[in-house]
Amino acid sequence: MKMMSYWLDTAKPFASAASGGPQGTADVAVIGAGFTGLCAALALAKKGAKVVVLEADRVAGAASGRNGGMCNNGFAQDYGGMVERFGIERANMFYRAFDAGVDKVESIVAEEGIDCHFGRIGKLKLAAKPEHFDKIKRSQELLARNVDPETQLVMPADLPSEIGSDRFYGGMIYGKSANMHMGMYGQGLAEAVVRHGGIVHEHNPLIGMRRVSGTSHELTTPHGSIIANQVLLATGTSRVGPLGWFRRRIVPVGAYLIATEPLPVELLDRLTPRRRNTVDTRNFVSYFRTTPDNRILFGGRARFSSRSDPAADAKSGAILRQSMLNFFPELVDTRIDYCWGGMVDMTSDRLPRAGERDGVFYSMGYSGHGTHMATYMGGVMAEVLDGKVDLNPWRDFDWPAIPGYFGTPWFLPFVGAYYRYRDMVG
Ligand SMILES: Cc1cc2nc3c(=O)[nH]c(=O)nc-3n(C[C@H](O)[C@H](O)[C@H](O)COP(=O)(O)OP(=O)(O)OC[C@H]3O[C@@H](n4cnc5c(N)ncnc54)[C@H](O)[C@@H]3O)c2cc1C
């Protein structure tokens, strides 16, 4: 079993990184080469800006290249709850931003000719308990009426056409959702940035940032320094560099995945006839999809931890294998070829944050819903840097520090225990 991301192992590595460190000047320095940073850099380079990307490690080596491979439209939160909190107009505006994120991925893939198996296969949400299906029914009715006519209920009797498991009580389909190969997407984005004139430095962590004036900053890495007129932080759950203010607001939460050996097509036709992105309704969520080479990639919360290393990933991988067998007992003899983990950039309300602080721009906090929102916000932030702040859907959100939190999420085991209890009681 390989203890590494299937996506990173099966994509060509990015081959056009600039050597050495940054030097001279730039219009914009983008910090971080995940989907946010790469999509911002791409949009800026296409506008003719001199853009330099500084990446601490490798292109798409963090959440972007380690995720569950899903571009699911819709909220992570309950739609009704979002309407209660924000009113219907704003809730719908946020909902449509996630839709626009999936559209944006699709258009970049087409425009830049990125071969990453993008497909609109839809998302299937499965009720793990009978009462969850009642909630799904109410939610689908509201969604179809207000904002998403491409949702559809799956009655319990119709489940066999969607999933070869008898563990569920009905479900719902989000027709606009898509998936793709995340490693190939990340690599393709980075090559596109360079093709349009941008510069990408890998293995260049930002370790110093000094304000020169206004939005202009001098940025330092171990290999050089550069003066940029504008700076965009696209740093996810960063634990390196002068980003302490963000570390008090973003909680890194571990999420884990396993991938099986390639499976016979007839078996997949039985287990997941429509190959949808599939998620269940538990707080300790489980989800799966298939890969282009016919594996099942199965992920979930497994446990609430802020660690991802081979030991932590293996521990979670064993829990995930058991969850997968709860879905599909007939996979008991199936080999697991990959196991890995990554850090999700959680905010306290699970909604992104983006804007400007002390002359530095930022976009992060997608809370596990970021393949398309990061892509979308990359493009949006390129416009915000150009003065079009109204295009940012998250512009009016305040962002207080989490009380008692200074970068080590000591409270995660308690949160985990609370959600485990909620899953038990219904
Ligand atoms: C295991 C897992 C499963 C997920 N599953 C899904 C899913 O199925 N669907 C979905 O929509 N979302 C999913 N997500 C979330 C999604 O992957 C992220 O929201 C998205 O990739 C965030 O992109 P990003 O560019 O903002 O951050 P990242 O991809 O984390 O990139 C940030 C980059 O900044 C770099 N960096 C940090 N600090 C510095 C510094 N000081 N100097 C230079 N560079 C720095 C990092 O090295 C990193 O490359 C998942 C996340 C994880 C971890």
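Residues numbered from 1 in each chain as written. Predicted model: local features only at pLDDT ≥ 70, side-chain atom pairs only at ≥ 80, totals over all residues. Heavy atoms only, no water.

- Under an unreviewed UniProt entry, the name given to the protein chain is Glycine/D-amino acid oxidase-like deaminating enzyme, and the organism recorded is Novosphingobium hassiacum.

Some thoughts on helix H5 (residues 130–146)
- Taking 1.5 Å as the rise per residue, H5 with 17 residues should run 24 Å; its terminal C-alpha atoms sit 25 Å apart, in good agreement.
- Check the buried side of H5 and you find it contacts helix H3 (79–86), helix H4 (88–111), strand S4 (123–126), strand S5 (151–154) and strand S6 (171–174). (Helix = DSSP H or I, 4+ residues; strand = E, 2+ residues; numbered from the N terminus. Expected span 1.5 Å × (residues − 1). Contact = heavy atoms within 4.5 Å.)

Things to note about the site of the ligand
- Around the ligand, 37 residues are found, and the nearest of them are Thr 36, Glu 55, Ser 64, Met 70 and Ser 238.
- Between the ligand and Gly 68 there is a distance of 2.9 Å, counted from a nitrogen atom to a backbone nitrogen or oxygen.
- Met 70 places a main-chain nitrogen or oxygen 2.7 Å from a nitrogen atom of the ligand.
- Where the shell around the ligand is concerned, the elements lending two or more residues are helix H2 (35–46), strand S12 (251–260), strand S16 (336–346) and helix H10 (370–384).
- Of the residues that constitute the shell around the ligand, the class distribution is 18 nonpolar, 16 polar and three charged. (Near = heavy atom within 4 Å. Polar contact = N/O pair within 3.5 Å; in protein donor to acceptor, adjacent residues only side chain to side chain. Nonpolar A, V, L, I, M, F, W, Y, C, P; charged D, E, K, R; others polar.)

Some words on the packing of H3 against H4
- At a minimum axis separation of 7 Å, H3 and H4 run at an interaxial angle of 130°. Regarding the angle of H3 to H4, the classification is oblique. Considering the relative orientation of H3 and H4, their crossing is right-handed. Two secondary-structure elements touch here, H3 through Tyr 79, Met 82, Val 83 and Phe 86 and H4 through Ile 88, Arg 90, Ala 91, Asn 92, Phe 94 and Tyr 95.
- Here the contact of H3 with H4 is composed, by residue class, of eight nonpolar, one polar and one charged. (Axes fitted to C-alpha atoms, helices over the stretch in contact; angles between N-to-C directions. Parallel < 35°, antiparallel > 145°, perpendicular 65-115°, else oblique. Left-handed = near helix turned anticlockwise from the far one by under 90°.)

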